[in-house]
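Chain by chain, the residues run as shown.
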Amino acid sequence: MASIEDFIALDVETANSDLSSICQIGLAKFENGSLASTWSSLVDPCDFFSASNTAVHGLDASSVKDAPQFPKIHDELFDRLKSLPVIIHGPFDRSALRSALGKIGRELPEIVWVDTIRVARRAWPDWNDKGYGLAVLAHRLGIDFKHHAALEDACAAGTVMLE
């Protein structure tokens, strides 16, 4: 049986404002309160990269030129997600997965989702002055990471959850 210290943290990046345009996925598996393993993949979204999204995460069409498309990796992705609660930082990542799956005629499988923003609001109600964005929380908790890189964000969200 999984404990509160056993979960998978997930983060995705998108190529543009279309949530289905996932271009990077990162997973961080935590067991017994420690980072146990990671998995990440670039994804060819078969879509354009907006300048604003590229400015945020640094990925463009050349970054994903030889990457698999979402239909090629979704089975492996959800096999990894099915056994433990999935930690996300805000609703964006779950919505992006739902949109990407909908684009290929699939539905989001049954997953226990835990949003670290909701957890942080309850854990640190006095921190609302600067908000509960991942970068703000990471700074306050002394977590060093490269923001808007899917695997780094997943690891940071998982660490926030443990805190």
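Residues numbered from 1 in each chain as written. Predicted model: local features only at pLDDT ≥ 70, side-chain atom pairs only at ≥ 80, totals over all residues. Heavy atoms only, no water.

Undergrad: What exactly am I supposed to notice about the layout of surface pockets here?
TA: Once rolled over the atoms, a probe with the size of a water molecule shows which space is left empty. Reported here for the largest pocket is a volume of approximately 260 Å³. Contributing to the lining of the largest pocket are 14 residues, with D11, V12, E13, F92 and H148 lying nearest its centre. Elements supplying a minimum of two residues to the lining of the largest pocket: β1 (7–14), α1 (51–57) and α3 (92–103). For the lining of the largest pocket, the element with the most residues is β1, which contributes 4 residues. (1 Å grid on protein atoms, 1.4 Å probe; cavity = no way out; pocket = protein on both sides within 12 Å on 5 of 7 lines; lining within 4 Å. Points joined across faces, edges and corners; volume = space filled by probe spheres on them. Helix = DSSP H or I, 4+ residues; strand = E, 2+ residues; numbered from the N terminus.)

Undergrad: What should I look at first to understand helix α2 (residues 70–81) in this one?
TA: Because the α-helix completes a turn every 3.6 residues, residues three or four places apart line up on one side. Under the 1.5 Å per step criterion, the end-to-end length of α2 is 15 Å for 12 residues, consistent within 8% with the ideal 16 Å. Three or more residues of α2 are buried, namely F70, I73, H74, L77, F78 and L81. Considered in projection along α2, the buried side chains sweep an arc of 140° and stay on one side of the axis. Packing partners of the buried residues in α2 comprise β1, β2 (22–31), β3 (34–42), β4 (86–88) and α3. (Expected span 1.5 Å × (residues − 1). Buried < 20%, exposed > 50% of the residue type's maximum accessible area, 1.4 Å probe, protein only. Arc of directions from axis to C-beta. Contact = heavy atoms within 4.5 Å.)

Undergrad: I would appreciate a short explanation of the nonpolar core in the present structure.
TA: Soluble globular proteins tend to bury their nonpolar side chains together. In terms of nonpolar packing, the biggest core is built from 23 residues, with L10, I22, I25, F70, L77, F78 and L97 touching the most fellow members. If one sorts the elements of this core by residue count, α2 sits on top with 5 residues. Apart from the residues lying within four places of it in its own chain, the contact partners of F70 are I22, I25, V43, D44, L77, F78, L97, A100, L101 and I104. With 13 residues, the next largest nonpolar core counts I117, A120, I143 and V160 among its residues. (Core = buried A, V, L, I, M, F, W, Y, C linked by side-chain atoms within 4.5 Å.)

Undergrad: Would you take a moment to explain the pattern of salt bridges for this structure?
TA: Following the criterion strictly, the structure yields 6 salt bridges and no others. Between R106 and D75 there is a salt bridge; the shortest N-O distance is 3.6 Å. With R106 in the loop between α3 and β5 (113–115) and D75 in helix α2, the pair connects residues that are 31 residues apart, well separated along the chain. For R106, a relative accessible area of 41% gives the class partly exposed. The salt bridge partner of E76 is R80, with a shortest N-O separation of 3.0 Å. Of this pair, E76 and R80 both sit in helix α2, 4 residues apart, which is roughly one turn of the helix. (Salt bridge = Lys/Arg side-chain N within 4 Å of Asp/Glu carboxyl O.)

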